[in-house]
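Architecture and fold: a report
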Amino acid sequence: QKEVEQDPGPLSVPEGAIVSLNCTYSNSAFQYFMWYRQYSRKGPELLMYTYSSGNKEDGRFTAQVDKSSKYISLFIRDSQPSDSATYLCAMSAFSGSARQLTFGSGTQLTVLP
Amino acid sequence: SQTIHQWPATLVQPVGSPLSLECTVEGTSNPNLYWYRQAAGRGLQLLFYSVGIGQISSEVPQNLSASRPQDRQFILSSKKLLLSDSGFYLCAWTPGGAGYTFGSGTRLTVV
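Residues numbered from 1 in each chain as written. Chains lettered and ligands numbered in written order. Predicted model: local features only at pLDDT ≥ 70, side-chain atom pairs only at ≥ 80, totals over all residues. Heavy atoms only, no water.

1. Some points on the overall build of chain B
Along its length, chain B carries zero helices and 11 strands. Each helix (α) and strand (β) of chain B, taken in turn from the N terminus, gives the series β-β-β-β-β-β-β-β-β-β-β. Taking 2.2 N^0.38 as the reference for a compact globule, 111 residues should give roughly 13 Å; the C-alpha atoms of chain B span a radius of gyration of 13 Å, in line with that estimate. In terms of overall dimensions, chain B has C-alpha extents of about 40 × 25 × 20 Å along its principal axes. Going through the 111 residues of chain B one by one, you find that 49% of them count as buried. Looking at chain B alone, contacts between residues at least 24 apart form 53% of all its contacts between residues at least 6 apart. Counting only carbon and sulfur atoms, one obtains 51% of the accessible surface of chain B, whose full area is about 5000 Å². Taking the average location of the 7 positive side-chain charges in chain B and that of its 5 negative ones, the two points are 8 Å from each other. (Helix = DSSP H or I, 4+ residues; strand = E, 2+ residues; numbered from the N terminus. Rg over C-alpha atoms; globule rule 2.2 N^0.38 Å. Buried < 20%, exposed > 50% of the residue type's maximum accessible area, 1.4 Å probe, protein only. Contact = heavy atoms within 4.5 Å. Areas by Shrake-Rupley, 256 points an atom, 1.4 Å probe, with all protein chains shown as cover. Lys, Arg positive; Asp, Glu negative; His and termini not counted. Charge placed at Lys NZ, Arg CZ, Asp CG, Glu CD.)

2. Considering the nonpolar core
Across soluble globular proteins, nonpolar side chains have a tendency to be buried as a group. If you look at the biggest cluster of nonpolar residues, it comprises 25 residues, and the most contacted ones within it are W35, I72, L74, Y87 and M91 of chain A. Secondary-structure elements contributing two or more residues to this core are strand 3 (19–25), strand 4 (32–38), strand 5 (45–50), strand 7 (61–66), strand 8 (71–76), strand 9 (85–93) and strand 11 (107–112) of chain A. Here the element with the most residues in this core is strand 9 of chain A; it accounts for five residues. Listed in part, the 20 residues of the second largest apolar core include I4, A66, F74 and L76 of chain B. (Core = buried A, V, L, I, M, F, W, Y, C linked by side-chain atoms within 4.5 Å.)

3. Some details on the interface of chain B and chain A
Of the residues lining the interface, 23 residues belong to chain B; the matching set on chain A comes to 20 residues. The tally of links from chain B across to chain A stands at zero salt bridges. If you look at where chain B meets chain A, you find four residue pairs in polar contact (both at pLDDT 80 or more). Contributions of two or more residues to the side of chain B that touches chain A are made by strand 4 (32–38), strand 5 (44–52) and strand 9 (87–94) of chain B. A per-class count over the side of chain B that touches chain A returns 11 nonpolar, nine polar and three charged. (Salt bridge = Lys/Arg side-chain N within 4 Å of Asp/Glu carboxyl O. Polar contact = N/O pair within 3.5 Å; in protein donor to acceptor, adjacent residues only side chain to side chain. Nonpolar A, V, L, I, M, F, W, Y, C, P; charged D, E, K, R; others polar.)

4. Some thoughts on the sheet that holds strand 7 of chain A
All names here are of chain A. With antiparallel pairing, the five strands of this open sheet are ordered in space as 1-3-8-7-6. Looking at strand neighbours, the two that pair on one side only are strand 1 (4–6) and strand 6 (54–58), the edges of this open sheet. Ignoring strand direction, the axes of neighbouring strands in this sheet form an average angle of 15°. (Pairing = 2+ DSSP bridges. Axes fitted to C-alpha atoms, helices over the stretch in contact; angles between N-to-C directions.)

5. Section: unusual backbone geometry
Following W7 of chain B, the chain continues to P8 of chain B via a peptide bond in cis, the omega torsion being 0°. In this fold, P8 of chain B is placed in the loop between strand 1 (3–7) and strand 2 (10–13).

6. Some words on the sheet that holds strand 3 (residues 19–26) of chain B
Think of a sheet as strands paired side by side through backbone hydrogen bonds, with each pair either parallel or antiparallel. All names here are of chain B. What the four strands build is an open sheet, ordered 1-3-8-7; its pairing is antiparallel. Edge positions in the sheet fall to strand 1 and strand 7 (65–70), since each has one partner strand and no second. Neighbouring strand axes in the sheet, compared pairwise and without regard to direction, differ in orientation by 20° on average. In this sheet, strand 8 (residues 73–78) lies alongside strand 3 in antiparallel orientation, the contact comprising six bridges. Residue pairing across strands places L19 opposite S78, the latter belonging to strand 8.

7. Let's talk about the state of the cysteines
Counting across every chain of the model gives two disulfides over all chains. Note that C23 of chain A is cross-linked by a disulfide to C89 of chain A, the S-S spacing being 2.0 Å. Note on the C23 of chain A and C89 of chain A pair: the S-S dihedral is about -100°, so by sign convention the disulfide is left-handed. Here C23 of chain A is found in strand 3, whereas its partner C89 of chain A is found in strand 9, with 66 residues between them in sequence. Owing to a relative accessible area of 1%, C23 of chain A belongs among the buried residues under this scheme. Overall, C89 of chain A belongs to the buried group, its relative accessible area being 0%. Linked covalently through their sulfurs, C23 of chain B and C91 of chain B form a disulfide whose S-S length is 2.0 Å. Given an S-S torsion of about -75°, the disulfide between C23 of chain B and C91 of chain B has left-handed geometry. Of the two residues, C23 of chain B sits in strand 3 while C91 of chain B sits in strand 9, which places them 68 residues apart along the sequence. (Disulfide = S-S within 2.5 Å.)

8. Points about the layout of surface pockets
In this structure, the largest pocket spans a volume of roughly 630 Å³. Lining the largest pocket are 26 residues, with T102 and F103 of chain A together with L44, Q45 and L46 of chain B positioned closest to its centre. Elements represented by at least two residues in the lining of the largest pocket include exactly strand 10 (100–103) of chain A together with strand 4 and strand 5 of chain B. Ranked by residues supplied to the lining of the largest pocket, first place goes to strand 10 of chain A with four residues. Among the residues forming the lining of the largest pocket, the class breakdown is nine nonpolar, 12 polar and five charged. (1 Å grid on protein atoms, 1.4 Å probe; cavity = no way out; pocket = protein on both sides within 12 Å on 5 of 7 lines; lining within 4 Å. Points joined across faces, edges and corners; volume = space filled by probe spheres on them.)

By themselves, these observations are geometric and do not establish any function.
Right, dumping it as structure tokens:
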């Protein structure tokens, strides 16, 4: 079993839809949770970063963490064609002298105009 | 502000040839540096990380090596490339917090 599981999609939605992206994890030592957005042939860019259970909102994006269920989500409201990208969840537990990230495999999202 | 540079963007190399990918960070000192590889349809696999000059930790036994000759320079190398080394290589840095900043990546095709 992988430490982090993420539905690879692809996911296709119409413009304006609410998108829900999800990851589950098995390592209870994970403390920090992130969502990255990766456009084709580019490096991932950090979208959201949380370290506690609950919700964190940033504009159209909401990150949700449920540590008891080992489940995290990213919601995108009023989705736009520019949101079309691969979304990667990532998690970390302090390890040695460098905090390392464990990534999900990514969900490919297409928002149709 | 801090910036990360990674080059080249694209590379096509024959099997058995050497490899050198370079990554530099500007605007910070003593960053933690990372090399990741991303295969098509898969997540990012951590290859090496470094917390200081000359300090390299390897996560996956493989045909690759890394070096950190200067504080803000991280190099990924291979003496003889294999077909299985093809992929998208990403350098990343963090000042010690959990949020990583990635470079733009190098797409390596071994033929």
